[in-house]
Amino acid sequence: NNDQFVSYVDNDNGTLNIFFNKKQGIMTNKKMRQAVNAIVNADSVLLASYEYEELYVKSPSYMSVNNKNWFTEAGKESYNQVNPEKAKQLLEEAGYKGETIRILSTRDYDFHYNTAIIVKEELDKIGVNAEVEIYDWPTLIEKRSDPANWDILTVAFTLVTTPSQLLFFNPEYPGWIEDEKVYDLLDKVRKAEQQAEATAYWEELQEYMWNDYMPHVMFGHTSGIVATSKNLEDFRVFRGPIPWNTKVRK
């Protein structure tokens with residue numbers, strides 16, 4: 001009986017993204033990545049994937065909007081541009097000749113599939129020959145490990161507490177970030193002695209990712225729904241480690 005339950009929205013559930021293959025193929029061209037970013041519409045992707053505006057937040061921040069140490073809108077000028085003329089100009093600068101862009105996705109998670117379909121439709125509008133390849137989740141995991149298999153990949157991430165924990169910074173993660181400036185700034189973030197210094201380096205890194213390098217497109221932050229019995233009091237959604245049965249060593 002639904003009258004016995006109450007629901008909560010977990011605003012820090014994760015992010016919805018598409019990743020570019022930067023190791024092999026046409027998306028190794030930065031102008032191509034920037035062209036895709038210039039046309040895709042975060043509103044369309046998020047609404048198609050999550051149905052209700054209450055279940056997502058539009059933001060260029062790679063970190064949670066609730067993370068006071070790391071939240072930043074650096075690079076927001078390149079977020080959710082929906083600019084077809086700019087996208088077409090970037091395609092021309094990239095020397096795009098109608099090559100097929102393979103979008104790898106799955107129907108095992110509706111938000112993956114819906115993201116892929118919307119992105120294809122938007123690429124169609126600027127003359128990009130995009131094809132969506134759908135696999136079950138285990139097959140997709142296998143396929144994405146080989147850069148010969150795809151150009152764009154739908155990806156969802158859980159949010160983390162510090163930027164160095166972001167999975168896409170692992171050079172072995174599909175998408176394969178290989179950029180000296182990215183890793184130099186990330187190293188400075190890790191080694192900074194004061195939070196203000198670390199935050200400044202992080203803002204510079206996020207701005208570089210959005211405005212120049214463009215390793216992937218992050219559409220926004222997504223939410224989940226948690227339901228509990230009405231008999232439960234003072235419940236709140238908590239994200240992070242819970243140190244059960246711990247104490248300070250003396």
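My aim in this report is to walk through the structure given alongside it, one point at a time. (Residues numbered from 1 in each chain as written. Predicted model: local features only at pLDDT ≥ 70, side-chain atom pairs only at ≥ 80, totals over all residues. Heavy atoms only, no water.)

A word on the nonpolar core. Membership of the largest hydrophobic core comes to 65 residues, with the highest contact counts inside it found for Ile101, Leu123, Phe168, Phe169, Trp202, Met209 and Phe219. Among the elements that line this core, the one with the most residues is helix 7 (residues 195–213), at seven residues. (Core = buried A, V, L, I, M, F, W, Y, C linked by side-chain atoms within 4.5 Å. Buried < 20%, exposed > 50% of the residue type's maximum accessible area, 1.4 Å probe, protein only. Helix = DSSP H or I, 4+ residues; strand = E, 2+ residues; numbered from the N terminus.)

A word on the layout of surface pockets. The volume enclosed by the second largest pocket comes to roughly 230 Å³. Together, 15 residues line the second largest pocket, and Phe111, His112, Ala156, Phe157 and Thr158 are the ones closest to its centre. Of all elements in the fold, only strand 1 (5–20), helix 4 (110–125), helix 5 (137–144) and strand 5 (152–157) reach the threshold of two or more residues within the lining of the second largest pocket. Residue classes in the lining of the second largest pocket are distributed as eight nonpolar, six polar and one charged. (1 Å grid on protein atoms, 1.4 Å probe; cavity = no way out; pocket = protein on both sides within 12 Å on 5 of 7 lines; lining within 4 Å. Points joined across faces, edges and corners; volume = space filled by probe spheres on them. Nonpolar A, V, L, I, M, F, W, Y, C, P; charged D, E, K, R; others polar.)

Another aspect to go through is the side chain of threonine 199. With respect to the helices and strands, the residue threonine 199 is situated in helix 7. Taking the relative accessible area as the measure of exposure, threonine 199 reaches 16% and is therefore buried. A polar atom in the side chain of threonine 199 sits 3.0 Å from the backbone oxygen of asparagine 69. Here threonine 199 is in contact with Asn69 and Trp70, once residues within four sequence places are set aside. (Polar contact = N/O pair within 3.5 Å; in protein donor to acceptor, adjacent residues only side chain to side chain. Contact = heavy atoms within 4.5 Å.)

Let us look at a negative patch on the surface. A contiguous patch of negative charge, built from Glu77, Glu203, Glu204 and Glu207, is present on the exposed surface. Along the chain, the position of glutamate 203 falls in helix 7. On the basis of relative accessible area, glutamate 203 is assigned to the partly exposed category, the value being 33%. (Patch = residues over 30% accessible without salt bridge, like charges linked within 9 Å, V, L, I, M, F, W, Y side chains within 5 Å. Areas by Shrake-Rupley, 256 points an atom, 1.4 Å probe, with all protein chains shown as cover. Salt bridge = Lys/Arg side-chain N within 4 Å of Asp/Glu carboxyl O. Lys, Arg positive; Asp, Glu negative; His and termini not counted. Charge placed at Lys NZ, Arg CZ, Asp CG, Glu CD.)

Turning next to the pairing of strand 5. Of all six residues that make up strand 5, five are buried, and the element is covered over most of its length. Two elements, strand 3 (residues 100–105) and strand 5, share two bridges in a ladder whose sense is parallel. When the sheet's bridge partners are listed, isoleucine 103 is paired in strand 5 with isoleucine 152. (Pairing = 2+ DSSP bridges.)

Scanning the entire structure with this criterion turns up 16 aromatic pairs. Ring plane angle 80° and centroid distance 5.6 Å describe the contact between tyrosine 79 and tryptophan 210, whose orientation is recorded as edge-to-face. Taken together, the residues span a long stretch of sequence, with tyrosine 79 in the loop between strand 2 (56–57) and helix 3 (84–94) and tryptophan 210 in helix 7 at a distance of 131 residues. Given a relative accessible area of 2%, tryptophan 210 falls into the buried group. Seen in terms of ring centroids, phenylalanine 169 and tryptophan 202 are 6.3 Å apart; in terms of plane orientation they differ by 80°. Their pairing is edge-to-face. You can see phenylalanine 169 sitting in the loop between strand 5 and helix 6 (180–191) and its partner tryptophan 202 sitting in helix 7, a full 33 residues away along the chain. (Phe/Tyr/Trp six-rings, centres within 6.5 Å; stacked < 30°, edge-to-face > 60°.)

Our next topic: empty space enclosed by the protein. Counted according to the given criterion, the structure contains three cavities of 30 Å³ or more. In this structure, the largest cavity encloses a volume near 50 Å³. Listing elements by their share of the lining of the largest cavity, those giving two or more residues are strand 1 and strand 6 (216–229). Across the lining of the largest cavity, the residue classes tally to six nonpolar, four polar and no charged.

A separate point is the environment of asparagine 41. By secondary structure assignment, the location of asparagine 41 is in the loop between helix 1 (30–39) and helix 2 (42–50). Between the C-alpha atom of asparagine 41 and that of asparagine 80, which follows or precedes it by 39 residues, the distance is 5.7 Å. What asparagine 41 contacts, discounting residues up to four positions off in sequence, is Asn80, Val82 and Glu122. Looking at asparagine 41, its side chain comes within polar contact range of the main-chain nitrogen of aspartate 43, at 2.9 Å.

A separate point is the packing of helix 1 against helix 7. Viewed as axis vectors pointing N to C, helix 1 and helix 7 meet at an angle of 100°, and their least axial separation amounts to 9 Å. In terms of orientation, helix 1 lies roughly perpendicular with respect to helix 7. Touching Lys30, Arg33, Gln34 and Asn37 of helix 1 are Trp210, Asn211, Asp212 and Tyr213, all from helix 7. Considering only residue class, the contact of helix 1 with helix 7 consists of two nonpolar, three polar and three charged. (Axes fitted to C-alpha atoms, helices over the stretch in contact; angles between N-to-C directions. Parallel < 35°, antiparallel > 145°, perpendicular 65-115°, else oblique.)

Another aspect to go through is a nonpolar patch on the surface. On the surface, a cluster of nonpolar side chains totalling about 190 Å² of accessible area is made up of Val57, Val65 and Phe71. Checked against the element boundaries, valine 57 lands in strand 2.

A few words now on the pattern of salt bridges. By the definition in use, this model includes nine salt bridges. Between lysine 76 and glutamate 73 there is a salt bridge, with the nearest N and O atoms lying 4.0 Å from each other. Residue class for glutamate 73 comes out partly exposed when judged on its relative accessible area of 40%. When the shortest N-O distance is used, the salt bridge between lysine 191 and aspartate 187 registers 3.1 Å. Here aspartate 187 and lysine 191 lie together in helix 6, a separation of four residues that amounts to about one turn. We classify aspartate 187 as partly exposed; its relative accessible area is 28%.

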